[in-house]
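# Survey of secondary and tertiary structure
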Amino acid sequence: MNNPYYLGVVATALASAISQILLNVSARKTYPSRLREYLNPYVISSYGILAVSLVVNIYLLRFMELKAQNAIASLTYVFVLLLSRVILGEKLGWKKILGNVFIVVGILVFVQTT
């Protein structure tokens, strides 16, 4: 767990979660045309953030193992849960919370063994 690039993967997971939240915000709005539905600031910025996140992830692969990167990148689910609660006001059920606890425990176990 002493690889400094882990923080970069956590940051890209957060960026990916923000991208997903932006798409959700866009989907909750109504637009006058199909074109405006896909070409609006939320969608464009979401895909821009996702593209940068993917490029950074590919760069980080040079410095860490793929299995470690994929394990840490699963934090995206945790970030989406938290951001959807804070930004979108979604309710958190016990199943969602329990599932995210398992994700975090799995990441901690995996990272400690690598």
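The structure this text deals with has already been given above.
Conventions used here
Residues numbered from 1 in each chain as written. Predicted model: local features only at pLDDT ≥ 70, side-chain atom pairs only at ≥ 80, totals over all residues. Heavy atoms only, no water. Core = buried A, V, L, I, M, F, W, Y, C linked by side-chain atoms within 4.5 Å. Buried < 20%, exposed > 50% of the residue type's maximum accessible area, 1.4 Å probe, protein only. Helix = DSSP H or I, 4+ residues; strand = E, 2+ residues; numbered from the N terminus. Contact = heavy atoms within 4.5 Å. Axes fitted to C-alpha atoms, helices over the stretch in contact; angles between N-to-C directions. Parallel < 35°, antiparallel > 145°, perpendicular 65-115°, else oblique. Left-handed = near helix turned anticlockwise from the far one by under 90°. Expected span 1.5 Å × (residues − 1).

Counting residues in hydrophobic clusters, the biggest one holds 17 residues, and the most contacted among them are Tyr6, Met64, Ile72 and Leu75. When contributions to this core are tallied by element, the ones reaching two or more residues are helix H1 (6-27), helix H4 (66-73), helix H5 (75-86) and helix H6 (94-113). Ranked by residue count, the leading element in this core is H1, at six residues. Dropping the residues within four chain positions of it, Leu75 is found in contact with Val10, Ala13 and Ile107.

Interhelical geometry of H1 versus H5 gives an angle of 45° and a closest axis separation of 8 Å. Taken together, H1 and H5 sit at an angle that is classed as oblique. Between H1 and H5 the crossing geometry is right-handed. Across the interface between the two elements, Val10, Ala13, Leu14, Ser16, Ala17, Ile18, Gln20 and Ile21 from H1 touch Leu75, Thr76, Phe79, Val80, Leu83 and Ser84 from H5.

The next point concerns H5. For H5, spanning 12 residues, the distance from its first C-alpha to its last is 17 Å, which sits close to the expected 16 Å at 1.5 Å a residue. Check the buried side of H5 and you find it contacts H1, H4 and H6.

These figures capture arrangement, not role.
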